[in-house]
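Breakdown of the fold
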Amino acid sequence: MSYLDFLETKLAAAPVEGHDHTSDDVHDFLFDWQKEIVTWATKVGRAAIWADTGLGKTVMMLEWARLTGSTALIVAPLAVCQQTSREAKNRLGINAPYVRDQSDVTGPGIWITSYEMIEHFDPSQLDAVALDEASILKNSSGKTRDMMIAHFQSVPFRLACTATPAPNDPEELTNQAEFLGQSTRTMMLAAYFVHDADGWRLKGHARRPMIEWMATWALAIRKPSDLGHDDTGYNLPGLTIEGHIIEANIETEGQLFSTELGGVSGRAQVRKKTLDDRCQAAADLVHASDPNEPWILWAGLNDEANELARLIPGAINVHGSLTPEQKADFLLGFADGDFRVLITKPGIASQGLNYQHCARMAFVGLSDSYESYYQAIRRCYRFGQKRVVEAHVIVSDLESQIVTNVERKEKQAQTLTSELVAEMRRVREIGRTAA
């Protein structure tokens, strides 16, 4: 027996320890393919739903909680909590209030809280917990991540919901597997990943065994046809991405022409030198559009956001120094049409929020994070969008390196996600045939 074979004996298929339900038990608001996912997840008991943006993770999560636990806690980013509570009531007829600590939990039911408040809840009083936007496990500090995993390890039923993760991202996969109690981070890394000068990467021969194992507790879907269903209604009207290049005019020592960013300090210099021009270009786009047209302007720096707010009277700048409650009120207010232009950072508003009423956005600069860029676009470009979404990317001529890097990551993510979906569907078909 090889070492990999030995490790795989330790990573047995996820035990079926949940509840048996049929589609008839799931609320009729859900589509047939959503009902299929919910009944699968309730049967697994400790499962991950990796569904692309706009596929209804919220309603599937709420139904999982209703069918799985008598006292269930849903944990979400604060800005998303009220939105989730609203969807529960309006779409499913479920009362799922936002609560701040255990004293607010007055009995059985579904309760919603934010990630900042989880230490105020007694896990022994819960029988089900669901993490919305579970990728927060990856983006948190090690101490915070470990606390979240440890805090809920005694809760019998657990669900992790997020957009489809890349199958070679050890941070994303190992954290969710450990939260769900399917494997420890150490065991999973030893079985499927190798560490070298570039960090952890998936072993070439381990991809298929890993995905076969993950398919016992995780389900990935980009569109209904991934489960053999009709995509009607999920074929979006279109997305156009337009680049706007601002000339940097920065003199670089030792170069006749400035051609490279030169690391973090070089990027900061370019962002600062071109800030006024980039912000003015974004403001011009907003002012040239229909006066009733909603816009999201994604800033990377506080100075960018402040300048945009100065150039666009009436715009609301949702920034880091606001209280969590203020952020939530403004972000939900934009969804309700309380104001026309939202200025914020991807780190504040790029996950979980539904802004289908908006079809115009601009990135006033760009970071190397493909995930951040993708999630930001998907706030508007998602199920329910009725118009072609226009995304404007405003960068200096020297930042083309960043654009190229994001494009490379995008292609890699699309390829790996396709492999993940295909392999998981193959494993499910084998399981159905065997049954």
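Since we're looking at a predicted model, the values are computed, not measured. (Residues numbered from 1 in each chain as written. Predicted model: local features only at pLDDT ≥ 70, side-chain atom pairs only at ≥ 80, totals over all residues. Heavy atoms only, no water.)

As for the side chain of Q176
Within the secondary structure, Q176 sits in helix 7 (residues 170-179). Setting aside residues no more than four positions away along its own chain, Q176 makes contact with A48, W50, A134, L137, A160 and T162. (Helix = DSSP H or I, 4+ residues; strand = E, 2+ residues; numbered from the N terminus. Contact = heavy atoms within 4.5 Å.)

Description of the side chain of T174
For T174, the position within the fold is in helix 7. Taking the relative accessible area as the measure of exposure, T174 reaches 0% and is therefore buried. Residues contacting T174, with those up to four places away along its chain left out, are R185, M188 and L189. (Buried < 20%, exposed > 50% of the residue type's maximum accessible area, 1.4 Å probe, protein only.)

Digging into the confidence of the model for the protein chain
For the protein chain, mean pLDDT is 85; residues scoring 70 or higher make up 88% of the total. For residues 252-264, every residue scores under 50 in pLDDT, and the model assigns this stretch 15 contacts once sequence neighbours within four places are set aside. (pLDDT = per-residue confidence, 0-100.)

With respect to the sheet that holds strand 1 (residues 46-51)
Sheet architecture is open: six strands sit in the order 3-2-4-5-1-8, paired in parallel fashion. Each of the sheet's edge strands pairs with one partner strand only, and the pair in question is strand 3 (109-114) and strand 8 (218-221). For this sheet, the mean angle separating the axes of adjacent strands, direction not counted, is 15°. As defined by bridge partners, strand 1 adjoins strand 5 (residues 157-162) across five bridges and the pair is classed as parallel. Across the sheet, residue I49 finds its bridge partner in strand 5, namely C161. Contacts from helix 4 (residues 78-92) reach strand 2 (71-76), strand 3 and strand 4 (128-132), with the element oriented near 155° to strand 3. Sheet strands touched by helix 7: strand 1, strand 4 and strand 5. Its angle to strand 5, the strand with the most contacts, is close to 155°. (Pairing = 2+ DSSP bridges. Axes fitted to C-alpha atoms, helices over the stretch in contact; angles between N-to-C directions.)

Side note on the pairing of strand 12 (residues 341-344)
With burial as the criterion, each face of strand 12 is covered, one bearing V341 and I343 and the other bearing L342 and T344. Pairing of strand 10 (residues 295-299) with strand 12 involves four bridges; the strand directions are parallel. Residue W295 lies in a different strand from strand 12, and its bridge partner there is V341. Pairing analysis gives three bridges linking strand 11 (residues 316-318) to strand 12, with the strands arranged parallel. Directly across from V318, in strand 12, lies its bridge partner T344. Crossover handedness for the path strand 11 to helix 13 (residues 324-335) to strand 12: right-handed. (Right-handed = clockwise from strand over helix to strand, strands pointing away.)

Some details on the nonpolar core
Of all hydrophobic cores here, the largest spans 111 residues; its most connected members are W50, M214, W217 and F363. In terms of residues, this core owes the most to one element, helix 3 (residues 57-68), which gives seven residues. If near-sequence neighbours (up to four positions away) are discounted, M214 is found in contact with W50, L173, M188, L420 and M424. Ranked by size, the runner-up nonpolar core spans 19 residues in total, among them L275, C279, W295 and I312. (Core = buried A, V, L, I, M, F, W, Y, C linked by side-chain atoms within 4.5 Å.)

A closer look at the sheet that holds strand 11
Spatial ordering of the open sheet is given by 9-14-13-10-12-11, a layout of six strands whose pairing is parallel. Two strands lie at the open edges of the sheet, namely strand 9 (239-246) and strand 11, each paired on one side alone. The mean angle between the axes of side-by-side strands here comes to 20°, regardless of whether they run parallel or antiparallel. Those strands touched by helix 11 (residues 275-288) are strand 9, strand 10, strand 12, strand 13 (360-364) and strand 14 (389-396), and its axis lies near 160° from that of strand 14. Along the sheet, helix 13 contacts strand 10, strand 11 and strand 12; its crossing angle with strand 11, the most-contacted strand, is approximately 130°.

What to know about unusual backbone geometry
Even without being glycine, E133 reaches a positive phi, approximately 55°. Looking at the element boundaries, E133 is found in the loop between strand 4 and helix 5 (136-139).

Section: the environment of F383
Topologically, F383 is positioned in the loop between helix 15 (370-377) and strand 14. Taking the C-alpha atoms as reference points, F383 and Y234, separated by 149 residues in sequence, lie 5.9 Å from one another. Residues in contact with F383, not counting those within four places in the same chain, are F31, G54, G233, Y234, L236 and Q356.

Some thoughts on the packing of helix 3 against helix 4
Where helix 3 meets helix 4, the closest approach of the two axes is 10 Å, and the angle between their N-to-C directions is 75°. Taken together, the axes of helix 3 and helix 4 are roughly perpendicular relative to one another. Contacts from T58, V59, M61, L62 and E63 of helix 3 reach helix 4 at T84, E87, A88, R91 and L92. Partitioned by chemical class, the residues of the contact of helix 3 with helix 4 number five nonpolar, two polar and three charged. (Parallel < 35°, antiparallel > 145°, perpendicular 65-115°, else oblique. Nonpolar A, V, L, I, M, F, W, Y, C, P; charged D, E, K, R; others polar.)

With respect to the packing of aromatic side chains
A full pass over the atoms with the stated rule returns 13 aromatic pairs. Ring centres of F31 and W33 lie 6.2 Å apart, and the angle between their planes is 10°; on these two criteria the pair is classed as stacked. Judged by its relative accessible area of 4%, W33 falls in the buried class. Every member of this aromatic cluster is reached through a ring pair, and the members are F31, W33, Y234 and F383. (Phe/Tyr/Trp six-rings, centres within 6.5 Å; stacked < 30°, edge-to-face > 60°.)

What to know about the pairing of strand 2
Extensive coverage of strand 2 is indicated by the burial of six of its six residues. Burial of the side chains of strand 2 extends over both faces: T71, L73 and V75 are buried on one face and A72, I74 and A76 on the other. Bridge count between strand 2 and strand 3: six bridges; the pairing is parallel. Bridging across to strand 3, A76 finds its partner in S114. Viewed along the sheet, the connection from strand 2 through helix 4 into strand 3 turns out right-handed. Here strand 2 runs beside strand 4; their pairing, made up of four bridges, is parallel. Paired with I74 across the strands is A130, a residue of strand 4.

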